[in-house]
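# Observations on chain architecture
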Amino acid sequence: MLTELFTPSVQHALDLVGIFVFAISGALLAVRKNFDVFGIAVLAEVTALGGGLFRDVMIGAIPPAAFTDLGYFITPLFAAVLVFFLHPHVERIQVGVNVFDAAGLGLFCVTGTVKAYEYGLGLTASAALGLATAVGGGVLRDVLANEVPSLLRWDRDLYAVPAIVGATMVVLCIRFDTLNAFTSGMAVVAAFALRLLALRFHWRAPRAYNRSSARAEEGSAAT
């Protein structure tokens, strides 16, 4: 199905671009945490490949694509070297990095969902693995850096929600037999645009209803 949506060369090029920008974000966090060169490389690799590795292991695509294509493994290392030497300059183009990161998010939630479905998973499970493909590397990155994962923090702009939207659009297209290059591209664009809008307007997921009053009640009960 993936080869029907994108030619193998286009798919490979898009994967490498997505892997590169995810690796940049991992390497930058490692620099902010004052990690050494090995830590920078590890965080770059984990951020770029973690989601895809998790998906491939879950669906039984063994060995995972990250270990059968040398380009997938080398690209994060190149990003790590770039950040190691030029991180002040990379930090200054953070807006551009965010744009490409949003594009990678949109691409991976779609291709992850399609690949999971190709391996026999149901629609709901396929969408869940599409989400995991898109955000899994970032979760592993934050855990290794001893931080609360960004997608769980209320003070961060929407990240998982755009991926959920993209993956949901894909499974709906599969359900109604309308998945093609155009509709899959629209799912990528929808996730990409929603992530950019969240960054621009600082959209965040709601927290528990009436949370402040609940805290007040807890405080009065304690006294």
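Conventions adopted
Residues numbered from 1 in each chain as written. Predicted model: local features only at pLDDT ≥ 70, side-chain atom pairs only at ≥ 80, totals over all residues. Heavy atoms only, no water. UniProt positions renumbered as here; feature names shortened; annotations may be inferred. Phe/Tyr/Trp six-rings, centres within 6.5 Å; stacked < 30°, edge-to-face > 60°. Helix = DSSP H or I, 4+ residues; strand = E, 2+ residues; numbered from the N terminus. Buried < 20%, exposed > 50% of the residue type's maximum accessible area, 1.4 Å probe, protein only. Lys NZ or Arg CZ within 6 Å of the ring centre and 35° of its normal.

- Labelled according to an unreviewed UniProt entry, the chain appears under the name Trimeric intracellular cation channel family protein, originating from Streptomyces microflavus.
- In UniProt, the chain has this text filed under Subcellular location (unreviewed entry): "Cell membrane".
- UniProt, in the comment section headed Sequence similarities (unreviewed entry), describes the chain in these words: "Belongs to the UPF0126 family."

### Re the packing of aromatic side chains
- Summed over all chains, the structure comprises 4 aromatic pairs.
- Relative to Phe108, the ring of Phe22 lies with its centre 5.4 Å away and its plane at 85°, an arrangement referred to as edge-to-face. One end of the pair, Phe22, is in helix H2 (residues 8–32); the other, Phe108, is in helix H6 (residues 94–118), and 86 residues separate them in sequence. This pair shows no difference in class: Phe22 is buried, exactly as Phe108 is.
- Between Phe84 and Phe85, the ring centres sit 5.0 Å apart and the planes meet at 90°, which makes this aromatic pair edge-to-face.
- A cation sits over an aromatic face here: Arg175 above Phe176, 5.3 Å from the ring centre.
- Stacked on the ring of Phe201, the Lys or Arg Arg200 has its end atom at 5.0 Å from the ring centre.

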